Each structure stands twice: as structure tokens, then as C-alpha cells.
Amino acid sequence: MSNAELAGVDEFSKEEWALVDEAIEKYKGKPGSLIPVLEEIQAVTGYLPESLQRHVARGLDVPLSQVYGVVTFYSFFTMKPRGKHRIRICLGTACHVRGAGRNVDQLKKSLGIDVGECTEDRKFGLEVVRCLGACGLAPVMVVDADTHKQVKEAKLDKILDGYRDEPDAS
Amino acid sequence: MVELTIDKKTVSVKEGTTILEAARRVDVFIPTLCAYEELNHTPGACRVCLVEVDRARSLVASCVYPVAQGMRVRTNTQRVRRARRAVVEFLLSDHPQDCNVCVKSGSCELQAIAELVGVRDVRVDRTDFSTHRIDDSSPALVRDTSKCINCLRCVAVCAEVQGVSLLTPEGRGFDSKVVPAMAADLADSACTYCGQCAVVCPTGAIVERDDTEKVWAALEDPKKHVVVQEAPAIRVQLGEEFGMEPGSLVTGKMIAALRRLGFDRVFDTNFSADLTIMEEGHELLKRVKEGGVLPMTTSCSPGWIKFIEHFYPQLLPNVSTCKSPQQMFGALAKTYYAEFAGIDPKDIFVVSIMPCTAKKYEASRPEMRDSGYRDVDVVLTTRELGRMIRQAGIDFVSLPDETFDAPMGRYTGAATIFGATGGVMEAALRTVYAVVTGEPMPDLNIQPVRGLEGVKEATLEVGELGEVKVAVAHGLANARKLMDQVADGTADYHFIEIMACPGGCVGGGGQPLPVTDEKRAKRAEALYRDDCEVQEFRQSHENPAIKQLYEKFLKEPLGHKSHELLHTHYTQRGV
Ligand code: SF4
Ligand code: SF4
Ligand code: SF4
Ligand code: FES
């Protein structure tokens, strides 16, 4: 498939595809280049869907299974798009006792996604983390770089609205 | 050299040797599970091979731990035995308790190890597999990752021996499992269905699809006229299913067993192997004389066909248009034989016994219906036939020798060697030589194309054709080497034989287990014995049943009927 065709079947722009190919070109034929190539590409596209993995496999002339194995082995690679705003809910003991689990359920419901997924409009991605070390503020929710403390279920929507209304930069 | 003691035996080995290798040298037994000698595969994954090394704090995995000067190793202490048992218990905690209903039971290495190390109880929480999904999307193989112990043998064989590299561990840690790329179902992948993964898998995580029930049902259906054909390799491996020595030639017992199972006619794929040589030999001559696409490659190995359709689709014009012997047989059984016997082809049920899992897939290809019906109804592997014979309570070893039925049961030595790598090439050259020069080759044994060397070459003077250059590869990684040359135009061969499996069909995905190169070689030797000691004729064109077939039905090689029934086309698949 040509880049143009690929660009037609998924959401990456021509410019992004050009950067993808640049990364492949740069590392082509060099041993041990799979991980750096994937890193560079994910920095451009945000995630590594099947179409991209096939493209990399073909470009570097390595088996698709190898690309897929590496992508699933390292947790910093993701096959699912990440949301523009990254919501992280702490599920450490302190947060847990103070109702973080209920917050997760509520967010799943209101955003219509599971943990590890992102919303259809790509605005929000939902993750849970072990302990953020802010137990005094439990339950804690972090959106991008902002820490929200003592978050109650009822307050969730309002917090998200603050990110929703923000003008879209792109 | 390094000297060490293992269980008080002194051994001296090269530096870099593992404890396990050193132990084998002095006949000290250490159980293993993930290691696989044939492939030099030691991922150090299972920890079943733990041993005690003096002064080392913890037990070490002997399959990866290198020896050292003066090392003292103990393989059978209380500590070692307990650790082994704990390791296997841990494996079993993440494994369904299915032995009684598992197709691998009896030949399963995990089951055997559990017994060996004396597991009587699993004292850890067991994984719940109630929602687990089995991949039975393919007509050839069934994958059940719940039975996977992550030994990675299948990954190694698929990449290194077959050059397909379909399989990979997915994720990591306890939840890691081996899957096809993108976790695709086999049917949606570039799998060749060669079954080599099933051959090396120690457990029931990859097995052949069991089609024996379909055959039992047909045998019991009074309306069905059930005929059976057996690939050349079956007669030299079926005995192993019943404890006979590898390399036992059991043609007569095989026929007797099939009759006792209730087949109406016992025919032979060797008959259609001779026919393949007639068609393929003439196709080669035609290509050479008329400037057709060369080198021509063989087409009888369905794993090879699927491989080239995925990985070298641009080279499909090089592949002979001849169907495989199995499919030629099927197409003729429901036309030629139907006519001969006066039976409505819709009532004829064709069963094949094959050393191969990919044959199951081949028979299911939509283009394999040239008789107007599905040409081959069911394909069983050698292992499945073994199962049926045991179920029927037949004492295989003491069966008398019986002979094939007419008109599709006669064969020549050229056909029988199809089962070993190089055999099709040798058989084709014998007939091509005779057709071109009008006389048989001075020596019918073409040694350079025999044996287990990965890629073999030969050059032969063939009358007015001059020099004919041929190559033979077995194992798809070896096929890749030749195809890369063909693709970049550096191959000056006329004819190339490819068999998907190492050793050819004697090493097929459906053969009796376990297998080693030694067994493959013994099975091949038995085929060459059948060729030069047992068979009356050794050249396909001498087969009286084939002469009769052309006279009465096909008229001539590459003729109108042949094109209709015996030749086919391929599909560009890509990856
Ligand atoms: S794979 Fe082996 S241990 Fe597992 S259920 Fe089957 S026979 Fe038993
Ligand atoms: S059947 Fe052959 S090609 Fe398919 S996964 Fe197994 S080894 Fe690989
Ligand atoms: S499928 Fe079989 S061969 Fe492959 S890793 Fe699992 S247990 Fe080993
Ligand atoms: S055999 Fe040594 S770790 Fe598996």
C-alpha cells in the first residue's frame, strides 16, 4: 500500500506519514533498530495501530510477529490511541479506601470507555495507577499535569468540563 | 577443557558447554521441558532442569548454565526434587486439568514430566479458563493457548526452520502467551499449516484438527462408497504408532488395517504420484522447449504452496500447474473410478491418509472441486489413523500383508520416494530422461538429490536437452534461499523441488511423535528400499495402471481431460 492509500484508511496526515517513513529510512538495515524506530513513530502518531506495525515490518524488512511482540512487550508502546487529556486515577491503598474505585466506575460510565481506552473524540484517555505518593490528598485524580485532590464522584463531570471547553489547539 | 563432577561422575568438556550437555555425556538424566535438542533451543524458560551446584546460593537451570573448572553438580537431591516438583506444580496451576479429554494425552511432555517428578497435588490457585477461547479457525490446526507453557519451541521452529516467523510471545510475565502476529486467528494469518509447531509443541497447545469422527460416520453410512488413499510416507511411519522400529516398511499391514476399518476400496496416493510425474515431467519439457517460465518448481507440498502465495506471490508463474498427488487422486476417484465402477460420484467418499496437516487445508481449497464435488472429503494424519486403528481394537503388528485394490492401487518405485526430500526430483528426472532419450537413465539412483542436506543441487546430461540443472530444498527457510535467488534472477536452474517440511513428508506435520533427524533418515531409507528392492517398476511411465488410465480416460499427458481435472491455479495472498 502506498502512503496516500494508507493515509486514506486511517487518521494520520500526510505529514505524519512522511515523518514515519523518515524514521524507517533512518534506521533501515541497522541491527537493533526496531525499538528506536517504534519510539520515534509513536512520538509522531501517538500510538501504533496494526496498519503502522505492518508498515514498519515491511519498511524494515522484519517479520510482523517481531514488531507485534515488541509493541506488546514494552508498556510504553500502545496500540490504542491515547486521549488528548490523560486522566490517571490513583488506586493506591489510601485512595482506594476513600472511594477511588467508585470514581473509576463513574468515569467509565460517563466517558463510555474502559480503563486503557480513550473516548471516540480522542479528548480523554483513562488510566489507573498504583500509587502517586499523594496519599494525604486521597482520593487523587491527575489530569495531564494537574493534580485534583479529594475528588468526589459528583465533582468529576465538573472537573472534566474544565478540559472539555478548552479551545482545540490543533 | 574443563573438568567437573556430576553426581560423583567426572567429566571433562569444552568450555562453554552447559551442565545439561555435560550430564548427557556421562548418561546422567536431567528432566527438561522447554529445551529442544534438534533445534539447539534452550530458552531457559521452564526451570524443570534445575540442579544443585556447590557454593551456588540458588539452584541453577542446567540447560543454560555453563560448566566451570572443578564444579560439583548434584542432580538428585531432596532440594532439587522438591524444587522441580514446585516448578511443575506452578506450571500446572496455569494449565487446564484436561488430560482425560486432551488429544495430546499419552504423548504430552508436560504430562510425562508431572508424573516423573511426582506431582500429586497442585497447592497453588489455579487459573480459571472457563471463558478461554480456542482458535479452531483453520482447517488444519487447533491452537489452545491455555495449554501453552511458553517454551517458545514453536516460535523457534516457525522462524528458523520454516522462515515464516508467524508466532511470537505477546505481552510479558505471567499473562504472556504465544500467538500469531497481531493475535490473528490462524485462518487470517500467513500460516502455511505445515504443522511443524505442532510437532515440537510439548503439550496440546497446538494440535492437528481431529477429523476421525467424520470418517467413522462415512464408514457407517450404507449409502457411501468410501475409498482411501495413503501418501507414500505413511507406509514407513505408521508402524511407529504401534511401537515398531522407525523405518519399518508396513505397506501390507497398512492395507490390511484399512480394510478392517471398513473402507470399501484401498487405493494408493502412489498411483497418482506416478501420474503427477507424467504430467509434471511433460510440463517441464514443454516449458523448456517453448520458452516458458523457468525454473519450474514442484507443487505437491501444500504448505509450500501457501508459503509462496504469501511470501513470493510474484513467483507463482514458476510453480507447476499440476495438482498434488492427493488432489489428482480425488479428482479421478470421482470421475475415472466412478465410471469404472459404475457408482454415482455423489456417493463416493474419498479419505486421504497424509503425513501432513496442510493437506487438510489443501483439500478444503475452493478450487479443488473439479470432479463437480469436493474431490477429497476428509484428510487424516498418520497420528489420527493410528488413533482409529487403536479404537477399533486392531492388533496392527500382527496383521497379515494385503495388497491394494484396482484400478488406482499400483505404483512404481519412483512414486514411493516422493515421501523423502529429493524424491519428486529423482522420479521426475527418471521419466524426463526416458521421454527425451527413449531409454532409461543408465543409473536410476540420483544420489546428489538424496539426504538431509538443506539445499541440494545436481546437473544432468539429458540427451538433446543438454545439461539440466536442478535444486532441491526442504524446510521453508531453505526454500527462501532458493526463492531469493529466483526472485533476483541469479538462479539458473530448470527445475526446483520444494517440500515444506524438514526431510520432506517423512518429517511432515502429521507424523508420529516425537521425531528426530535420525528417525526421518530411517523412514527415508525405507522408502528407497521400497523403490529398489520391492517394486517391479522404478519409473512412473512404466506403471501399467497409469498406462491404462491414459488409454481409457485421459488420452495424453497435458491433454484436455488433464487440464480439466489435474491442473490448477494459485492465489496471490501477500502478508
Ligand atoms: S496438554 Fe498435556 S498436561 Fe495439558 S491437558 Fe493435555 S495432556 Fe494434559
Ligand atoms: S503451521 Fe507452520 S507456518 Fe503455521 S505457525 Fe506452525 S510452524 Fe508456523
Ligand atoms: S504453543 Fe506449545 S510449543 Fe509454543 S510456546 Fe506454547 S507450549 Fe511451547
Ligand atoms: S529445560 Fe532448562 S529451563 Fe526449561
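Because the structure is a prediction, the values reported are computed rather than measured.

A. Here's a closer look at the overall build of chain B. Summing up its helical and strand segments, chain B has 19 helices and 17 strands in all. What you see for chain B is a C-alpha radius of gyration of 25 Å, in line with the 25 Å of a compact globule of 575 residues. Summarising its shape, the C-alpha atoms of chain B cover approximately 80 × 55 × 45 Å along the three principal directions. Across the 575 residues that make up chain B, the buried fraction comes to 62%.

B. Region of the structure containing the site of ligand 3. Taken together, B:Cys148, B:Ile149, B:Asn150, B:Cys151, B:Leu152, B:Cys154, B:Val178, B:Cys201, B:Pro202, B:Thr203, B:Ala205 and B:Ile206 are the residues near ligand 3. The residue makeup of the shell around ligand 3, split by class, is 10 nonpolar, two polar and no charged.

C. Summary view of the interface of chain B and chain A. Facing 14 residues of chain B, the contacting portion of chain A comprises 13 residues. Together, the buried faces of chain B and chain A total about 1,000 Å²; carbon and sulfur atoms form 61% of this surface. Elements represented by at least two residues in the side of chain B that touches chain A include exactly strand 7 (167-170) and strand 8 (177-180) of chain B. In terms of residue count, the dominant contributor to the side of chain B that touches chain A is strand 7 of chain B (four residues). Here the residues of the side of chain B that touches chain A are counted per class, giving nine nonpolar, three polar and two charged.

D. Expanded view of the domain arrangement of chain A. Taken as a whole, chain A is organised into domain 1 (3-73) and domain 2 (85-164). If you average the C-alpha positions of domain 1 of chain A and of domain 2 of chain A, the two centres end up 31 Å apart.

E. Spotlight on the domain arrangement of chain B. Residues and elements named next belong to chain B. Parsing chain B into structural domains produces domain 1 (2-76), domain 2 (123-208) and domain 3 (213-566). Domain 2 and domain 3 are separated by 29 Å when their C-alpha centres are compared. Facing 19 residues of domain 2, the contacting portion of domain 3 comprises 27 residues. Carbon and sulfur atoms make up 59% of the surface buried where domain 2 meets domain 3, a total of about 1,700 Å² over both sides. Three residues, Thr192, Val199 and Glu208, lead the burial of domain 2 against domain 3; their summed loss comes to 32% of the area buried on that side. Along the contact surface separating domain 2 from domain 3 lie two salt bridges. Ionic pairing is found between Glu208 and Arg387, a salt bridge with its closest N-O pair at 2.4 Å. The tally of links from domain 2 across to domain 3 stands at 13 residue pairs in polar contact (both at pLDDT 80 or more). Elements represented by at least two residues in the side of domain 2 that touches domain 3 include exactly helix 4 (153-161) and helix 5 (196-200).

F. Representation of the sheet that holds strand 12 (residues 296-297) of chain B in the model. Residues and elements named next belong to chain B. What the four strands build is an open sheet, ordered 12-17-16-15; its pairing is mixed. The open sheet terminates on both sides in strands that have one partner only, identified here as strand 12 and strand 15 (455-462). Here eight bridges tie strand 15 to strand 16 (residues 466-474), and the two strands are oriented antiparallel to one another. If you follow Glu461 over to strand 16, its bridge partner there is Glu467.

G. Just the nonpolar core, in detail. Membership of the largest hydrophobic core comes to 143 residues, with the highest contact counts inside it found for B:Phe263, B:Trp304 and B:Leu332. Top element by residues in this core is helix 15 (residues 423-437) of chain B. It accounts for eight residues. Residue-level mapping places this core at the junction of two domains, with at least three residues from each of domain 2 (123-208) and domain 3 (213-566) of chain B. Those residues within four positions of B:Trp304 in sequence are excluded, and the remaining contacts are B:Thr297, B:Thr298, B:Leu476, B:Ala479, B:Met483, B:Ile498 and B:Ala500. Residues A:Leu34, A:Leu48, A:Val56 and A:Phe77 belong to the second largest nonpolar core, which totals 25 residues.

H. Expanded view of the confidence of the model for chain A. Residue and element names in this part refer to chain A. Chain-level statistics for chain A give a pLDDT mean of 86 and a share of 91% at 70 or above. In the model of chain A, helix 1 (residues 3-9) stands out as the element of lowest mean pLDDT, 46, in contrast to helix 5 (residues 64-73), which has the highest, 96. Contacts of residues 1-8 to residues separated by more than four positions or lying in other chains number 10 contacts, the stretch itself having pLDDT below 50.

I. View of the packing of helix 8 (residues 269-290) of chain B against helix 15 of chain B. All names here are of chain B. At a minimum axis distance of 9 Å, the contact between helix 8 and helix 15 shows a crossing angle of 65 degrees. At the point where helix 8 passes helix 15, the crossing takes the right-handed sense. Contacts from Ile277, Met278, Glu280, Gly281, His282, Leu284 and Leu285 in helix 8 reach Val424, Ala427, Ala428, Thr431, Val432, Val435 and Val436 in helix 15. Residue composition of the contact of helix 8 with helix 15, by class: 10 nonpolar, three polar and one charged.

J. Focus on helix 9 (residues 302-311) of chain B. Residue and element names in this part refer to chain B. Most of helix 9 is tucked away, with 10 of its 10 residues classed as buried. Within helix 9, burial applies to Pro302, Gly303, Trp304, Ile305, Lys306, Phe307, Ile308, Glu309, His310 and Phe311. Packed against the buried residues of helix 9 are strand 12, helix 12 (358-364), helix 16 (476-487) and strand 17 (495-499).

Reading guide: rules and limits
- Residues numbered from 1 in each chain as written.
- Chains lettered and ligands numbered in written order.
- Predicted model: local features only at pLDDT ≥ 70, side-chain atom pairs only at ≥ 80, totals over all residues.
- Heavy atoms only, no water.
- Helix = DSSP H or I, 4+ residues; strand = E, 2+ residues; numbered from the N terminus.
- Rg over C-alpha atoms; globule rule 2.2 N^0.38 Å.
- Buried < 20%, exposed > 50% of the residue type's maximum accessible area, 1.4 Å probe, protein only.
- Near = heavy atom within 4 Å.
- Nonpolar A, V, L, I, M, F, W, Y, C, P; charged D, E, K, R; others polar.
- Contact = heavy atoms within 4.5 Å.
- Buried area = accessible area lost by both parts, 1.4 Å probe.
- Domains from an automatic or database assignment.
- Salt bridge = Lys/Arg side-chain N within 4 Å of Asp/Glu carboxyl O.
- Polar contact = N/O pair within 3.5 Å; in protein donor to acceptor, adjacent residues only side chain to side chain.
- Pairing = 2+ DSSP bridges.
- Core = buried A, V, L, I, M, F, W, Y, C linked by side-chain atoms within 4.5 Å.
- pLDDT = per-residue confidence, 0-100.
- Axes fitted to C-alpha atoms, helices over the stretch in contact; angles between N-to-C directions.
- Left-handed = near helix turned anticlockwise from the far one by under 90°.

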